[in-house]
Every structure is written in structure tokens, then in C-alpha cells.
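# Remarks on the overall topology
Given next are the chains, with one letter for each unit.
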Amino acid sequence: MDLMWLFTVPVLKLSIKIAIVLAVVFLIIQIIRWSIQSKPPNPFKEDIRVARKPYIHDQKKRDAVIKQGFSIDKVPDDLDAIIIGSGIGGMTTAAILSKAGKRVVVLEQHDQAGGCCHSFIDKGYEWDVGIHYIGEMGSQTLNKTLLDQIGDGQIEWAPLEDDFDVIQIGYGEKSRRYPVATGLEAWKSLLKKQFPDEEPAINQYFHLLQTTSKSSSIHGAMKLAPLWLVKLVLATGVLRLFTNLFKPEYTKCLLDVVTGITSNKDLQAVFMYCWGDYGCPPSKSNFTMQALLNRHFMRAGAHYPVGGASEIAFNIIPVIERGGGKVLVRVNVTNIIAKNGKACGVKVTKGTETHEIFAPLVISSAGLYNTFERLLPKELASKSYYTQICKDLKPGIGAMNIFLGLNASAEELGLKRQNIWAFNDADIDKEGQKYFDMDVEEAMDAEVPLLFISFPSVKDPEWNNHPGREGKTTCAIVTLANWEWFKNWEEKQVKKRGDDYDEIKDSIGHKMIEQTCKLFPQIRDKIDVTEIASPVTNKYYIAQPHGEIYGLDHSMERFDPLMVAKLRPETDVPGLFLTGQDILSCGFTGALFAGVVSAQAVLGRNVMGDLVGLHNKLEGTDLGVTEVRKNI
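None of the values given here were measured: they were computed from a predicted structure.

The rules we used
Residues numbered from 1 in each chain as written. Predicted model: local features only at pLDDT ≥ 70, side-chain atom pairs only at ≥ 80, totals over all residues. Heavy atoms only, no water. Helix = DSSP H or I, 4+ residues; strand = E, 2+ residues; numbered from the N terminus. Rg over C-alpha atoms; globule rule 2.2 N^0.38 Å. Buried < 20%, exposed > 50% of the residue type's maximum accessible area, 1.4 Å probe, protein only. Contact = heavy atoms within 4.5 Å. Areas by Shrake-Rupley, 256 points an atom, 1.4 Å probe, with all protein chains shown as cover. Lys, Arg positive; Asp, Glu negative; His and termini not counted. Charge placed at Lys NZ, Arg CZ, Asp CG, Glu CD. 1 Å grid on protein atoms, 1.4 Å probe; cavity = no way out; pocket = protein on both sides within 12 Å on 5 of 7 lines; lining within 4 Å. Points joined across faces, edges and corners; volume = space filled by probe spheres on them. Nonpolar A, V, L, I, M, F, W, Y, C, P; charged D, E, K, R; others polar. Pairing = 2+ DSSP bridges. Axes fitted to C-alpha atoms, helices over the stretch in contact; angles between N-to-C directions. Phe/Tyr/Trp six-rings, centres within 6.5 Å; stacked < 30°, edge-to-face > 60°. Parallel < 35°, antiparallel > 145°, perpendicular 65-115°, else oblique. Left-handed = near helix turned anticlockwise from the far one by under 90°. Patch = residues over 30% accessible without salt bridge, like charges linked within 9 Å, V, L, I, M, F, W, Y side chains within 5 Å. Salt bridge = Lys/Arg side-chain N within 4 Å of Asp/Glu carboxyl O.

On to the overall build of the protein. Within the protein, the secondary structure is distributed over 27 helices and 20 strands. Relative to the compact-globule value of 26 Å for 632 residues, the protein shows a C-alpha radius of gyration of 24 Å, a close match. Across its three principal directions, the C-alpha atoms of the protein cover 70 × 65 × 50 Å. Residue burial in the protein is summarised as follows: out of 632 residues, 59% are buried. Partitioning the intrachain contacts of the protein with sequence separation of at least 6 by distance along the chain shows that 76% fall at a separation of at least 24. For the protein, the accessible surface area stands at approximately 25900 Å², while carbon and sulfur atoms represent 52% of it. Counting 71 positive and 76 negative side-chain charges, the protein places the averaged centre of each group 6 Å from the other.

Spelled out as C-alpha cells, the structure:
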């Protein structure tokens, strides 16, 4: 039978009309249901900010908050939810649920809460492991309002330099430096001075930044609408009429978009320089991810948490505890318990002890791979479409981290509050791919093609107020690395992985240090402490199974509209929800708002609307979420 008539214009028009009618009917039913059902309280009804309290430098007092070790008697009674993992996604979800009257427990396998927001101390130095700089914290943005309302307004942010990032291409006499500038217009003007012959390409790039500015709002809506409705809307093509999700800037990879508007290799590198912030090379990543980052940092510049990254968990935990909840560390969740096909608790181990903890809901901030390949009963996981996603999408790339303690002050060393993105060649995609494809022997001898270099203590105005830190500075160096180089040692204990592992780790690590010293020769003789961490280190401390730091790879496949909709907080396993960077996108802000979306799915109320309502009240405006974020 000839079915081509299905694709004629009249049938397409009819399909669109039917889809619109169904969507409208669903929304009316949903509004009526929401209006008559019993709702939990508005978690953002009142502004909970209080004046900033004195910073606490006594580490024992800080540890009493962020290092509360697990014991079964500390688990609250009558739990409403169990949250696996204390990264910012899990903590945000926990805080919002607590503010809505729910009692939760957050379970963390590491020895302190915070996930990638934690810090560690060695020989009088303190390093942050994941928070290097954050955007949208320099004014009362929606992001800052959210963080204020889950942290009592205690988390303060210090600005970096206006040229917070500097792109360094090459190391020798022919090297070039291109600082960025805060503000889209300011950066555009600076680029035109740096590349006077490239004005049309620069104008086009910034035009594309604006045309993709609604991507996060559209993606958020797709994750909360029923999946059957999203599939229907996608099948009928309705989204093509109301969004630009299918235009080239959404469907092409970053490299193709950029090379399509300029052939200047240095300008290409500058447009794409911060792809390391999400870990997917330009030839494999979606342009919208890079555009999102550019807008994120350009609205109000880059900022750093005063007092360091541990201030984040330190100030969110009291909000959770006021709601009767707890954040407990040094506990390993080994299984999600399910009865009659519904998730209803977790099995945990602490030393030789094993315990079962029950609650109506389980919320995993442990990532898709851990949740569906390790924790969930296999008979349930095999029926979930998330298990297929784990096969369809790859894990993000691993990372090498160098933590240096320098026995000199920032003033002595002449350091600024900024980051350096150092590339050994302007063809940053080709050089990166060539490096990742090397075998381990080649990698040990090769120059590292991408380095992110930062001096966290220089960014923190509270650093010198800590006793014993005068005359000390910290340096963090990061690059991306292939998990295959290190996976043979994934089951070995810390400090006991053997000489072969140490040789690989140290060879790459000292290459990174040497290349950094070429750019900052003044630090070479001031290195007091050196810590080198590999992807295996990441697996041990943040429990990412492939040593990845960004969860699921931020590839073109991940940003396919249907995949965007599928990666949602409410799973197809009753009682099981997800939060964290696998839901929206990686990084602090992506995981932060994943916490909001997850709380909304759990509570069944418009939590984002509640947040926007309070934000408008504080700002004296009356805008919807799209308008609030339109300049981002």
C-alpha cells in the first residue's frame, strides 16, 4: 500500500493542528489538576537571606558541618526522600525539598560533602577541586537568587579581572595572547581590535550567540512535559514553527559553525577556547553548549566563592538540617532497593556494617552510569530506557589535575585573578584529538595540547585571613586525559597503585608543570607542594566510573531534541528520580538548575515559577523565566 500520502501538506497541517489541540487539552487538564490537588508549600515563599556571618577558619568547626560521618542512628525517621550524592545537584534538590517541608537524607561516599565543590588541605595549603570560576554571580541574577535562597545568603562571590580568561597560543617567541573582556559588547569590540580584518565573522558569531539564547528554557520545558507529548510534538514538526531548534546553529557541531564563518585559525581558537569547560572537542560538541558558556560568563563576568568552594556545602547543609534532614558522609550506597517494581530505599555499607534505609522516593545524583549500571536492580534497569542511553551516549573525557603549593605570596609572584587557557597550536581541535588518540607511551613523551592554569588563592579575598596562609599561594593546572591510559589501576588503593602507574601519572603531570613554568617562570623555584591526580583519582574521590569530570559526554547526540527530553529527572522506574549534571548540562550552574528541575518533578509544583516569583519580588519586576534569562 502506498503510504506517501501521509507526507502531503494537508495531512501535515492536520497533524500539526491535532498536536496543538492535544497539547492545549493536556495543559488545561494539568492546570486543573495542579489547582485542586494538595500541594507542598512554596519553597521560595520568603526571602531567607540574613546578614553575612563571620567566616569560620577553625577547621574542626567546619568539619563538624561538612564531614558528618554516617551512622544509622543519625538517619532521620520518617524520611520523604533519600538523595545519593552530595554534589551541587543533590544538595540543591535536598535544600529545596527541605524548604518545602520534606525530610531528606543525603548520602555521600567521600569523607566530606560537596562533590566537585569540595576542597582538600595539605601542608597548610587548601585547593578547590572543581570550582575555578562561575558566571552570573556579579549581580542579582536568577542564578544568584537561587543560591542565596538555598544558602541563607551566606555564599559570597569575588570578581575576577575583567579579562578573566586569557587565551595563550604557543609557548615560544611566536606565541600570541588574546584576553577576553567582560560583557558581550565589550568582548566583541576587543575582538575587532585583535582581529581588525574579521569584523563580519565576529558580528556573525555574536549574532549566533543571541539566536541560541532560549535553548536552556526550551530544553527545560522539554524535560518537564510528558515524554509522549514531546515525542508527538517532535514527530509533527510543531517545534519547527515556534523555535529554531532545527536551524544550523542548533544542529551543527561547534567546529563546523566556527569554520563556516572564518578561516582565521587564531580567531577560530578564540571562539572555541573554553570547550574544556565541558570536555567535548569542537568537532563533536554542539555549538549551543559553547554559546551557553559565552553568555554565562559575559553577563556579569567571572566570580569565585569567597572562602573557597567548601563554603557552598558548608552553608547549604544548615538549610537541609532545619527541615529535619541530614547530610552524611563516608557511606557507600551499594544498591537501590525496589519492591514490586518501585524504588523504595537504598542498601549502604560503612566498614563491615550493612544497613537498609527506606523512603518513598530515591533521588540519584550519582550519574546515569552509576544509577542504572551499578545501583538499580538489573531486572528493573533492563526495562528502563535509561539503560539504553548509557549505551548510546559515551562518558565524558577524564582529566589530569595538578595542585601546586607555592611558598610565596601572590604579590611577590605578580599573579592576577584570571585563568590562562594555553594551547600549543591554534588548531585546537586537531591537536586535542591527536593527543587523546595517542597510546600511553606516546602521551608520556608528548607536549600537552591544552592547559587550564589558575591560581585559586589569588581569587579568594579571604585567603590571607586564615592563620598560617600568609606568604602562600596555590596553583591548579588541568588538562583532559584518556581513561584508557589509566584504567588498569582503577581498583587499586590510593598511594598503592605501583611504579608503572606513578611513572605514567608523573610523566604527564610534570610535562604540565614544565609547560606552566614556561608561562610563569617566577613560580619555578617556589614550588613547595605538588599533588598530581589522574582520572583514576577522579573515580576514587567523586565515584565517576570512567574517571570523567563532566558525566555524560556533551556530544551532538546528547543535544538531539529527543535525547534532551529523555534525559529528565523523573525516570521510568516508579519512585526513582535523577538530579545532577547528566540532567541538564555539566558544571556548577548546569547541576544547580538540575536541582531545581528535579525538585519540581518530585514536588509536582512549579518550583521554577516559585523561584522566578521571588526573584521578581526582590528585583521589583514582573517577568517570566524566559524574560528573566533573555540576556544570558
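There is more to say, and it comes next.
With that settled, the discussion passes to empty space enclosed by the protein. Per the stated rule, a full pass over the model turns up four cavities of 30 Å³ or more. Volume-wise, the largest cavity comes out at about 80 Å³. Lining the largest cavity, in full, are Glu126, Asp128, Tyr304, Gly307, Gly308, Pro456, Ser457, Asp460, Trp463, Arg469 and Thr474. For the lining of the largest cavity, the secondary structure elements donating two or more residues are β4 (125–128) and α21 (456–459). Of the residues that constitute the lining of the largest cavity, the class distribution is three nonpolar, four polar and four charged.

This brings us to the sheet that holds strand β14 (residues 361–364). On the basis of which strands lie adjacent, the open sheet formed by five strands has the order β10-β2-β1-β14-β20 and parallel pairing. Sheet topology places β10 (326–328) and β20 (576–578) at the edges, where each strand pairs with a single neighbour. Within the sheet, the average angular offset between the axes of one strand and its neighbour, ignoring direction, is 20°. When strand β1 (residues 81–84) meets β14, the two strands line up parallel, connected through four bridges. Residue pairing for β14: Ile82 is matched across the bridge by Val362.

To continue, consider the sheet that holds strand β9 (residues 302–305). In spatial order, the strands read β5-β9-β6; together these three strands make up an open sheet with antiparallel pairing. Bordering the open sheet on either side are β5 (134–135) and β6 (157–159), each of which pairs with just one other strand. Of the strand pairs in this sheet, β5 and β9 are connected by two bridges, and their pairing is antiparallel. Looking across to β9, one finds that Ile134 is bridged to His303.

The volume enclosed by the second largest pocket comes to roughly 540 Å³. Lining the second largest pocket we find 22 residues, and of these Lys284, Lys394, Pro395, Ile397 and Asp553 sit closest to its centre. Taken together, the residues of the lining of the second largest pocket break down into eight nonpolar, seven polar and seven charged.

So, about the packing of aromatic side chains. Scanning the model with the defined rule gives 25 aromatic pairs in all. With a centroid separation of 5.8 Å and 35° between ring planes, the pair formed by Phe164 and Phe297 is classed as tilted. One end of the pair, Phe164, is in the loop between β6 and β7 (165–169); the other, Phe297, is in helix α13 (residues 287–298), with 133 residues separating them in the sequence. Taken as a pair, Phe164 and Phe297 share a single burial class, namely buried.

Another point: the packing of helix α5 (residues 184–194) against helix α6 (residues 199–211). α6 packs onto α5 with a crossing angle of 160° between their chain directions and a minimal axis gap of 9 Å. Regarding the angle of α5 to α6, the classification is roughly antiparallel. Crossing of α5 over α6 shows right-handed handedness. Facing Leu184, Trp187, Lys188, Leu191 and Lys192 of α5, the residues of α6 in contact are Glu199, Ile202, Asn203, Phe206, Leu209 and Gln210. Looking at the contact of α5 with α6 residue by residue, the classes come out as six nonpolar, two polar and three charged.

Right, let's get into a negative patch on the surface. Taken together, the side chains of Asp439, Glu441, Glu442 and Asp445 present a region of like negative charge at the surface. Along the chain, the position of Asp439 falls in the loop between α19 (428–436) and α20 (440–445).

Of the strand pairs in this sheet, strand β3 (residues 119–122) and β4 are connected by four bridges, and their pairing is antiparallel. Note that in β4 the partner of Ser119 across the bridge is Asp128. Where β3 folds back onto β4 in an antiparallel hairpin, the turn is made up of two residues, including Lys123, whose phi is positive at roughly 55°.

Another aspect to go through is unusual backbone geometry. Unlike most non-glycine residues, Asp78 shows phi in positive territory, near 50°. Inspection of the secondary structure assignment puts Asp78 in the loop between α2 (59–66) and β1.

When we look at burial in helix α7 (residues 215–224), the residues that qualify are Ser215, Ile218, His219, Gly220, Met222 and Lys223. If you follow the buried residues of α7, they end up packed against α8 (227–236), α9 (238–242), α10 (248–251), α13 and α24 (561–566).

Another aspect to go through is α19. Helical geometry: 3.6 residues make up each α-helical turn, so side chains three or four residues apart lie on a common side. Counting buried positions along α19 yields seven of nine residues, so the element is predominantly enclosed. Of all the positions in α19, only Ile428, Asp429, Glu431, Gly432, Gln433, Tyr435 and Phe436 are classed as buried. Looking at the buried side of α19, the elements it contacts are α11 (254–259), α12 (265–272), β16 (419–423), α20, β18 (473–481) and α22 (499–519).

Okay, the environment of Pro360 next. Checked against the element boundaries, Pro360 lands in the loop between β13 (353–358) and β14. For the pair formed by Pro360 and Ala343, sequence separation is 17 residues and the distance between their alpha carbons is 7.7 Å. Ignoring any residue separated from it by four or fewer positions in sequence, one finds Pro360 in contact with Leu79, Asp80, Lys342, Ala343 and Gly575.

This part covers the pattern of salt bridges. Here the structure, examined in full by the defined rule, presents 20 salt bridges. Between Asp47 and Arg49 there is a salt bridge whose closest N-O contact spans 2.8 Å. Judged by its relative accessible area of 33%, Asp47 is partly exposed. The exposure class of Arg49 is partly exposed, given its relative accessible area of 35%. Residue Glu490 pairs with Lys539 through a salt bridge whose shortest N-O separation is 2.5 Å. With a gap of 49 residues between them, Glu490 in the loop between β18 and α22 and Lys539 in helix α23 (residues 535–542) connect regions that are remote in the sequence.

Here Ile134 lies in strand β5. Among the residues examined, Ile134 registers a relative accessible area of 5% and is labelled buried. Along the backbone, Ile134 and Phe588 are 454 residues apart, and their C-alpha atoms lie at a distance of 7.5 Å. Aside from chain neighbours lying at most four places away, what touches Ile134 is Trp157, His296, Phe297, Gly301, Ala302, His303, Phe588 and Thr589.

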